[in-house]
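Below, each chain spelled out in residue letters.
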Amino acid sequence: MKQQQKIFVFLAAAIGLLILPLLLQSFGNAWVRIVDMALLFVLLSLGLNIVVGYAGLLDLGYVAFFAIGAYSFGLMASPHLTDTFPALAAMFPEGLHMPLWVILPVAAGVAGLFGVLLGAPTLRLRGDYLAIVTLGFGEIIRVFLNNLDYPFNITNGPKGILGIDSFHFFGMDLGKKMSVLGFEVASVSLYYYLFLALVIFSVVICHRLELSRVGRAWMAIREDEIAAKAMGINTRNLKLLAFGMGATFGGVSGAMFAAFQGFISPESFSLMESVMIVAMVVLGGVGHLPGVILGAILLAALPEVLRYVASPLQDMTGGRLDASILRSLLTAVAMITVMLARPRGLWPSPEHGKSLLNAKS
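Residues numbered from 1 in each chain as written. Predicted model: local features only at pLDDT ≥ 70, side-chain atom pairs only at ≥ 80, totals over all residues. Heavy atoms only, no water.

Chemist: Looking at this structure, I do not really get helix H15 (residues 323–341). What am I missing?
Modeler: Residues that lie three or four places apart on an α-helix share one face, since the helix turns once every 3.6 residues. For H15, with 19 residues, the first-to-last C-alpha span of 27 Å sits near the 27 Å given by 1.5 Å per residue. Listed in full, the buried residues belonging to H15 are Ala323, Leu326, Arg327 and Thr331. End-on view of H15: buried residues confined to an arc of 140°, all on one side of the axis. Projecting away from the buried face of H15 at angles above 90 degrees are the exposed residues Ile325, Ile336 and Leu340. Considering only its buried residues, H15 is in contact with helix H13 (289–305) and helix H14 (307–316). (Helix = DSSP H or I, 4+ residues; strand = E, 2+ residues; numbered from the N terminus. Expected span 1.5 Å × (residues − 1). Buried < 20%, exposed > 50% of the residue type's maximum accessible area, 1.4 Å probe, protein only. Arc of directions from axis to C-beta. Contact = heavy atoms within 4.5 Å.)

Structure follows, in structure tokens:
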């Protein structure tokens, strides 16, 4: 009976996820965009959970990999580089518009390479020192993106990159609405299905990693690095692997973000974004996949939903309270309340001792 209930719940959830954007787009595409961004943040949180949740390495500069993936896609799928460098324009007269199967591996690989480069000098650092170094790395990447418009205009500086291509699958352009069985499906809904498929694929990968020998080794390092070394675990290589794999998720998320927005600038990859991604992992439950997903969805959607609460409150006060400040205040109050009520997160992983007792009973 329990197996049948699980199958029923799984089918109901699958049907709900499939029809969700079609229902939301009837209320306006803005609601579907909120869900799309929430899925992107789920993808980012899953990558950061590998570093923080599995390996126990605090990374406050994770947004840098998000930016690297976005700019990798933006440079390879827009006319920016050909407009800047005449030599490239001669080779690609119609602009540099690389196909998806080329750009995604490049974005993931470049982000993974930078993840290893970040992990290499931080192998002996722990706690606050590791947090400070990764924080500095995130800011360095943002400053570089903001200033690489001179003497050669590579990133277009604070102006950002415009005209980024949307995704194309077998001649289907996700940037344009489609008609399926007489029903109009908006572009944001098409991106929803792409992001949902990536999230499901990433959850399967993370779950398999958690149960693998590598995942167990990461958790041993997280619990006690000295004991892990004594057991013969190569902590150096495994830490680098955690940084690299986590960064790869960030690179893919950044590429998705660039194609979805069609425009990127350094302002989208600030320190606040990195802090929010860490908060999603911690708030949901460090190292627990359902908790991480829940925390990412709530924290990504909450500020947008609160727009519809802050504006009426601003009108009630005669405009004396700024809506954006009020929205940030309400988000902070909600986060503090959750952390006080649930110190281990909204959906923490079950304690090992309790799991053993339940198994025996």
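Chemist: Would you explain the nonpolar core in this entry?
Modeler: Within soluble globular proteins, side chains that are nonpolar generally end up buried alongside one another. Counting 92 residues, the largest nonpolar core has Phe73, Phe167, Met256, Ile264 and Phe269 as its most contacted members. Per-element tally for this core: the top contributor is helix H2 (residues 29–54), with 15 residues. For phenylalanine 73, the residues in contact, after removing those within four places along its chain, are Leu100, Ile103, Ile164, Asp165, Phe167, Ala255, Ala258 and Ala259. (Core = buried A, V, L, I, M, F, W, Y, C linked by side-chain atoms within 4.5 Å.)

Chemist: In this structure, what is going on with a nonpolar patch on the surface? I would like to understand it.
Modeler: On the surface, Ile15, Leu18, Ile19 and Leu23 cluster together into a nonpolar patch covering about 370 Å² of accessible area. Assignment of secondary structure puts leucine 23 in helix H1 (residues 2–24). (Patch = residues over 30% accessible without salt bridge, like charges linked within 9 Å, V, L, I, M, F, W, Y side chains within 5 Å. Areas by Shrake-Rupley, 256 points an atom, 1.4 Å probe, with all protein chains shown as cover. Salt bridge = Lys/Arg side-chain N within 4 Å of Asp/Glu carboxyl O.)

Chemist: Would you take a moment to explain empty space enclosed by the protein for this structure?
Modeler: In total, this model carries 1 cavity of 30 Å³ or more according to the counting rule given. Of the voids in this model, the largest cavity is the one considered here, and its volume is about 30 Å³. In terms of lining residues, the largest cavity is bounded by Leu60, Gly61, Val63, Leu135, Gly138, Glu139, Leu271 and Ser274. Every element with two or more residues in the lining of the largest cavity is listed here: helix H7 (127–147) and helix H12 (271–284). Considering every element that reaches the lining of the largest cavity, the biggest residue donor is H7, with 3 residues. (1 Å grid on protein atoms, 1.4 Å probe; cavity = no way out; pocket = protein on both sides within 12 Å on 5 of 7 lines; lining within 4 Å. Points joined across faces, edges and corners; volume = space filled by probe spheres on them.)

Chemist: Honestly, unusual backbone geometry in this entry has me stumped. Any pointers?
Modeler: Across the junction of tyrosine 150 and proline 151, the peptide omega takes the value 0°, indicating a cis bond. Tracing the sequence through the fold places proline 151 in the loop between H7 and strand E3 (168–169). Of note in the backbone geometry, asparagine 156 takes a positive phi value of approximately 65° without being a glycine. With respect to the helices and strands, asparagine 156 occurs in the loop between H7 and E3.

Chemist: I keep staring at the pattern of salt bridges and nothing clicks. Help me out?
Modeler: Pairs can form between side chains of opposite charge whenever their charged atoms are close. Enumeration according to the criterion identifies 5 salt bridges in this entry. The salt bridge partner of glutamate 184 is lysine 177, with a shortest N-O separation of 3.5 Å. Among the residues examined, glutamate 184 registers a relative accessible area of 47% and is labelled partly exposed. Two residues, glutamate 225 and lysine 239, come together in a salt bridge whose shortest N-O distance is 2.9 Å. Of this pair, glutamate 225 sits in helix H10 (residues 225–230) while lysine 239 is found in helix H11 (residues 235–261), placing the two residues 14 residues apart along the sequence. According to the relative accessible area criterion, glutamate 225 is buried, its value standing at 12%.

Chemist: Just to check I follow, could you spell out the side chain of threonine 235 for this structure?
Modeler: Tracing the backbone shows threonine 235 in helix H11. Given the relative accessible area of 8%, threonine 235 is considered buried. In this structure threonine 235 touches Ile221, Glu225, Ala228 and Lys229, once residues within four positions along its chain are discounted.

Chemist: Would you take a moment to explain the packing of aromatic side chains for this structure?
Modeler: Pairs of aromatic rings are described using the distance from one ring centre to the other and the angle between the two planes. Inspection of the entire model under this criterion finds 13 aromatic pairs. Judged by centre distance (5.3 Å) and plane angle (75°), the ring pair of tyrosine 191 and phenylalanine 260 falls under edge-to-face. Note that tyrosine 191 is positioned in helix H8 (residues 187–211) and phenylalanine 260 in helix H11, a separation of 69 residues in sequence. Cluster of aromatic residues (ring-pair linked, three or more members): Phe73, Phe167, Tyr191, Phe195 and Phe260. (Phe/Tyr/Trp six-rings, centres within 6.5 Å; stacked < 30°, edge-to-face > 60°.)

Chemist: Help me understand the confidence of the model for the protein in this model?
Modeler: In low-pLDDT segments, the atomic positions of the prediction should not be examined closely. Of the residues in the protein, 96% have a pLDDT of 70 or more, and the chain-wide mean is 88. Of the regions scoring below 50 in pLDDT, residues 352–361 engages in 1 contact with residues more than four places distant in sequence or in other chains. (pLDDT = per-residue confidence, 0-100.)

Chemist: Help me out: how do you make sense of the packing of H8 against helix H9 (residues 213–223) in this one?
Modeler: When two helices pack together, you describe them by how their axes are tilted relative to each other and by the distance separating the axes. At a minimum axis distance of 4 Å, the contact between H8 and H9 shows a crossing angle of 70°. The pairing of H8 with H9 is recorded here as roughly perpendicular in orientation. Contacts between H8 and H9 pair Leu209, Glu210 and Leu211 from the former with Arg213, Gly215, Arg216, Trp218 and Met219 from the latter. Along the lines of polarity and charge, the residues of the contact of H8 with H9 split into 4 nonpolar, 1 polar and 3 charged. (Axes fitted to C-alpha atoms, helices over the stretch in contact; angles between N-to-C directions. Parallel < 35°, antiparallel > 145°, perpendicular 65-115°, else oblique. Nonpolar A, V, L, I, M, F, W, Y, C, P; charged D, E, K, R; others polar.)

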